[in-house]
Amino acid sequence: MITHPSRHCTVELQALPSRIGQVRRIVSAQLRYWHMDTLIDRASLGVTELLSNVHRHAQPDKTCTVELEVLLDQLKVSVHDHDPRLPVVGDAAPLATCGRGLAMVAAMSESWGALPDGESGKVVWFTLPAPSAAPVADWDHYPRITSGEHAVHRFAEVTLVEHALEDRCSESAPARSAVVG
């Protein structure tokens, strides 16, 4: 797998409830730094579930490593622990208070899996599609105002630009001035 050196983050921790919240905040901050804000909720949910499994099931200890990697077109989140037993997706009873974590990870991710990691350990991972870069506005196709035009035309052209932007952007975006200058 190809990773960009600046697109890799590793956190070592004890999978205790108080530390899981801290790791969620670290994941959120790292994804904001990488401009991958749209992945924060799903990545936080997935890492919470994987760390909760380490806390609940891992033996002989709760030491683990969380790794974030941006590959060519996806974010990979991995949790390495020292328990060689691979997780199993189970069928939780309707009123059960646990047992759905891996099914949620599978449902919200592009892919997921678990592999042995060395002699005594495993890695459980999931991937999310990396958001594509937002298209850059091609301002050459929008009307421009020159100093020789009358004020009446300026307002009409600004209205055209605003409607063109609304048509091109389906998501909310920060307000931008349509007037060059």
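Residues numbered from 1 in each chain as written. Predicted model: local features only at pLDDT ≥ 70, side-chain atom pairs only at ≥ 80, totals over all residues. Heavy atoms only, no water.

Asker: Any chance you could explain the overall build of the protein here in plain terms?
Answerer: Along its length, the protein carries four helices and five strands. Split into buried and exposed, the 181 residues of the protein put 34% on the buried side. In the protein, the proportion of contacts linking residues at least 24 apart, taken out of those at least 6 apart, comes to 59%. (Helix = DSSP H or I, 4+ residues; strand = E, 2+ residues; numbered from the N terminus. Buried < 20%, exposed > 50% of the residue type's maximum accessible area, 1.4 Å probe, protein only. Contact = heavy atoms within 4.5 Å.)

Asker: Mind showing me how you'd approach the nonpolar core here?
Answerer: Taken as a class, soluble globular proteins show a tendency for nonpolar side chains to be buried jointly. Residues Val23, Leu31, Trp34, Val47, Leu51, Leu75 and Val79 are the most contacted members of the largest nonpolar core, which totals 31 residues. For this core, the secondary structure elements donating two or more residues are strand S1 (8-14), helix H1 (17-33), helix H2 (40-57), strand S2 (63-70), strand S3 (74-81), helix H3 (101-108) and strand S5 (122-129). It is H2 that contributes the most residues to this core, six residues altogether. The residues contacting Val79, other than those within four sequence positions of it, are Val47, Leu50, Leu51, Val54, Cys64, Thr65, Val66, Lys122, Val123 and Val124. (Core = buried A, V, L, I, M, F, W, Y, C linked by side-chain atoms within 4.5 Å.)

Asker: I would appreciate a short explanation of the sheet that holds S5 in the present structure.
Answerer: Strand pairing in a sheet is mediated by backbone hydrogen bonds. Such pairs are either parallel or antiparallel. Spatially, the five strands line up as an open sheet ordered S1-S2-S3-S5-S4, and their pairing is antiparallel. Looking along the sheet, the strands with just one partner apiece sit at the ends: S1 and strand S4 (111-116). In this sheet, neighbouring strand axes are inclined to one another by 15° on average, regardless of whether the strands run parallel or antiparallel. Note: S1 against S2, seven bridges, orientation antiparallel. Each residue of the ladder has a partner; that of Gln14, found in S2, is Thr63. The sheet strands contacting H2 are S1, S2, S3 and S5, and the helix crosses S5 at an angle near 170°. (Pairing = 2+ DSSP bridges. Axes fitted to C-alpha atoms, helices over the stretch in contact; angles between N-to-C directions.)

Asker: Hey, could you run me through the packing of H2 against H3 in this one?
Answerer: When two helices pack together, you describe them by how their axes are tilted relative to each other and by the distance separating the axes. For the pair H2 and H3, the least separation of the axes is 9 Å and the interaxial angle reads 155°. Relative to H3, the element H2 lies roughly antiparallel. Both H2 and H3 take part in a crossing whose hand is left-handed. Contacts between H2 and H3 involve Arg42, Leu45, Gly46, Glu49, Leu50 and Asn53 on the former and, on the latter, Gly101, Leu102, Met104, Val105 and Met108. For the contact of H2 with H3, a count of residues per class yields six nonpolar, three polar and two charged. (Parallel < 35°, antiparallel > 145°, perpendicular 65-115°, else oblique. Left-handed = near helix turned anticlockwise from the far one by under 90°. Nonpolar A, V, L, I, M, F, W, Y, C, P; charged D, E, K, R; others polar.)

Asker: Explanation requested: H2 in the structure shown.
Answerer: Since the α-helix turns once every 3.6 residues, residues separated by three or four places project in the same direction. Between its first and last C-alpha, H2 extends 25 Å over 18 residues, near the 26 Å set by a 1.5 Å rise per residue. Elements that come into contact with the buried residues of H2 comprise S1, H1, S2, S3, H3 and S5. (Expected span 1.5 Å × (residues − 1).)

Asker: I'm lost on the side chain of Ser78 in this one. Help?
Answerer: Residue placement: Ser78 occurs in strand S3. Among residues more than four places away in sequence, those in contact with Ser78 are Thr65, Val66, Glu67, Val123, Val124 and Trp125.

Asker: What is the right way to look at the packing of H1 against H2 in this model?
Answerer: At their nearest, the axes of H1 and H2 sit 9 Å apart, and the two run at 150° to each other. One element, H1, and the other, H2, form an angle in the roughly antiparallel class. In this structure, H1 crosses over H2, and the sense of that crossing is right-handed. Between H1 and H2, the contacting residues are Pro17, Ile20, Val23, Arg24, Val27, Ser28, Leu31 and Arg32 on the first element and Ile40, Ala43, Ser44, Val47, Thr48, Leu51, Ser52 and His55 on the second.

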